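# Structural characterization, general
Chain residues, written in single-letter form:
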Amino acid sequence: SQTIHQWPATLVQPVGSPLSLECTVEGTSNPNLYWYRQAAGRGLQLLFYSVGIGQISSEVPQNLSASRPQDRQFILSSKKLLLSDSGFYLCAWGKLETQYFGPGTRLLVL
Amino acid sequence: GESVGLHLPTLSVQEGDNSIINCAYSNSASDYFIWYKQESGKGPQFIIDIRSNMDKRQGQRVTVLLNKTVKHLSLQIAATQPGDSAVYFCAEIRGGSYIPTFGRGTSLIVHP
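Within any chain, residue numbers begin from 1 and follow the written order of that chain's sequence. Whichever chain is written first becomes A and whichever ligand is written first becomes 1, with later ones labelled in order. With the structure being a predicted model, the display of local features is reserved for residues of pLDDT at least 70 and the display and counting of side-chain atom pairs for 80 or more, all residues being used for whole-chain, interface and lining totals. Excluding hydrogens and water, the side-chain figures rest on all heavy atoms present in the structure.

## Regarding the overall build of chain A
The helix and strand tally for chain A stands at 0 helices and 11 strands. Going residue by residue from the N terminus, the α and β elements of chain A occur as β-β-β-β-β-β-β-β-β-β-β. Here the radius of gyration uses the C-alpha set of atoms, whereas the globule reference equals 2.2 Å times the residue count to the power 0.38. The C-alpha atoms of chain A give a radius of gyration of 13 Å, which matches the 13 Å a tight globule of 110 residues would have. When the backbone C-alpha atoms are referred to their principal axes, chain A occupies close to 35 × 25 × 20 Å. Within the span of chain A, comprising 110 residues, buried residues form 49% of the whole. Numbering of helices and strands runs from the N terminus, with a helix taken as a DSSP run of H or I at least four residues long and a strand as a DSSP run of E at least two residues long. The cut-offs for exposure are 20% and 50% of the maximum accessible area for each residue type, with area from a 1.4 Å probe on protein chains only; residues under the lower value are buried, those over the upper are exposed, and the others partly exposed.

This is the structure:
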């Protein structure tokens, strides 16, 4: 069966510091991979998606970036965090239309 | 897309009652729909899906109804339990796309 991992589960970072969130998927090959952000009490905002290694599509211009160095690894990064980057970050994988979400990383930027 | 507004719609029910959560979708070209359940502090969990060539699909204690005429989707939960308390999201996907559009979510509160 397929599983998706995200780490860390919780992160507190100062403004201006860098960010690296990692997501890995097991039990499938060549999945579509997605990064979402969810503000408190709100829906899901798609940030990036990838259909293959090195292929990244950005949905929202901002100070975040994503990379896919391996087939089942998706990384969300920032060089300098802003206060507004705080939120719940969710990675998801998909085959065809259905997406399956990871446990999420709660990021607090102070 | 992202929700607008700060407060999610809320549905409060008593344990044992049936719950109906509604979702209006926007794109008449959408042909695949999913319901997700998100418990506090966790990622959304797939519950059930339905394709546009169906108008009803049943799972364990859950039923999804699709009305394409009015672009309406509903999730029915039978004999609601406290463990069903969560935020429920619908998602619509246009044929050929791998990018879903999520609804704003509904908070279900089940009182014992």
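And the narrative resumes.
## A closer look at the overall build of chain B
Tallying secondary structure elements over chain B gives 0 helices and 10 strands in all. The C-alpha radius of gyration computed for chain B amounts to 14 Å, which stays within 12% of the reference 13 Å derived for 112 residues, consistent with globular compactness. In terms of its C-alpha atoms, chain B occupies a principal-axis envelope of roughly 40 × 30 × 25 Å. Considering chain B as a whole, with its 112 residues, one finds that 42% of them fall into the buried category.

## What to know about the sheet that holds strand β7 (residues 72-77) of chain B
Residues and elements named next belong to chain B. Between any two strands, at least two bridges found by DSSP are needed for them to pair. The strand order across the open sheet built from 4 strands is β2-β7-β6-β5, with neighbouring strands paired in antiparallel fashion. Looking at which strands have only one partner, the edges of the open sheet turn out to be β2 (19-24) and β5 (56-58). The sheet shows a mean angle of 15° between the axes of neighbouring strands, direction not considered. Where β2 lies against β7, 6 bridges are found, and the strand directions are antiparallel. Bridging across to β7, Ala24 finds its partner in His72. Structural elements are reduced to axes, namely lines fitted to C-alpha atoms, with helices fitted over the stretch in contact, and the angle between N-to-C directions of any two is expressed from 0 to 180 degrees.

## Examining the nonpolar core
Residues and elements named next belong to chain A. Here the nonpolar core consists of buried residues drawn from Ala, Val, Leu, Ile, Met, Phe, Trp, Tyr and Cys, with membership extended through side-chain atoms lying within 4.5 Å. In terms of nonpolar packing, the biggest core is built from 20 residues, with Trp35, Phe48, Leu76 and Tyr89 touching the most fellow members. Elements supplying a minimum of two residues to this core: β3 (19-26), β4 (32-38), β5 (45-52), β7 (64-70), β8 (73-78), β9 (87-95) and β11 (105-109). Considering each element in turn, this core owes the most residues, 4 residues, to β3.

## Things to note about the confidence of the model for chain B
For every residue, the predictor assigns a confidence score, pLDDT, that lies between 0 and 100. Chain-level statistics for chain B give a pLDDT mean of 91 and a share of 94% at 70 or above. Here strand β9 (residues 101-102) of chain B stands out as the element of chain B with the lowest mean pLDDT, 90, in contrast to β5(B), whose mean of 98 is the highest.

## Some thoughts on the packing of aromatic side chains
Pairs of aromatic rings are described using the distance from one ring centre to the other and the angle between the two planes. Think of it this way: a Phe, Tyr or Trp ring, Trp meaning its six-membered ring, pairs with another when their centres are within 6.5 Å, and the plane angle makes it stacked under 30 degrees, edge-to-face over 60, tilted otherwise. Scanning the model with the defined rule gives 12 aromatic pairs over all chains in all. Ring centres 6.4 Å apart and planes at 85° place the aromatic pair B:Tyr36 and B:Phe46 in the edge-to-face group. You can see B:Tyr36 sitting in strand β3 (residues 30-38) and its partner B:Phe46 sitting in strand β4 (residues 45-51), a full 10 residues away along the chain. B:Phe46 gets classed as partly exposed once you look at its relative accessible area, which sits at 27%. These aromatic residues form a ring-pair network of at least three members: A:Tyr34, A:Tyr36, A:Tyr49, A:Trp93, A:Tyr100, A:Phe101, B:Tyr36, B:Phe46 and B:Phe102. Counting as a charge over the ring demands two things of the Lys NZ or Arg CZ atom: a distance within 6 Å of the ring centre and an angle within 35 degrees of the ring normal. We note A:Arg106 situated over the ring of A:Phe88; from NZ or CZ to the ring centre the distance is 4.5 Å.

## Describing the environment of B:Val110
All names here are of chain B. Within the secondary structure layout, Val110 lies in strand β10 (residues 106-111). Residue Val110 is classed as buried on the basis of its relative accessible area of 7%. Taking C-alpha positions, Val110 is 34 Å from Ala29, a pair spaced 81 residues apart along the chain. Apart from residues no more than four positions distant in its own chain, Val110 is found in contact with Val13, Gln14, Glu15, Thr80, Gln81, Pro82, Asp84 and Ser85. Contact between two residues is taken to exist if any of their heavy atoms lie within 4.5 Å; hydrogens are not considered.

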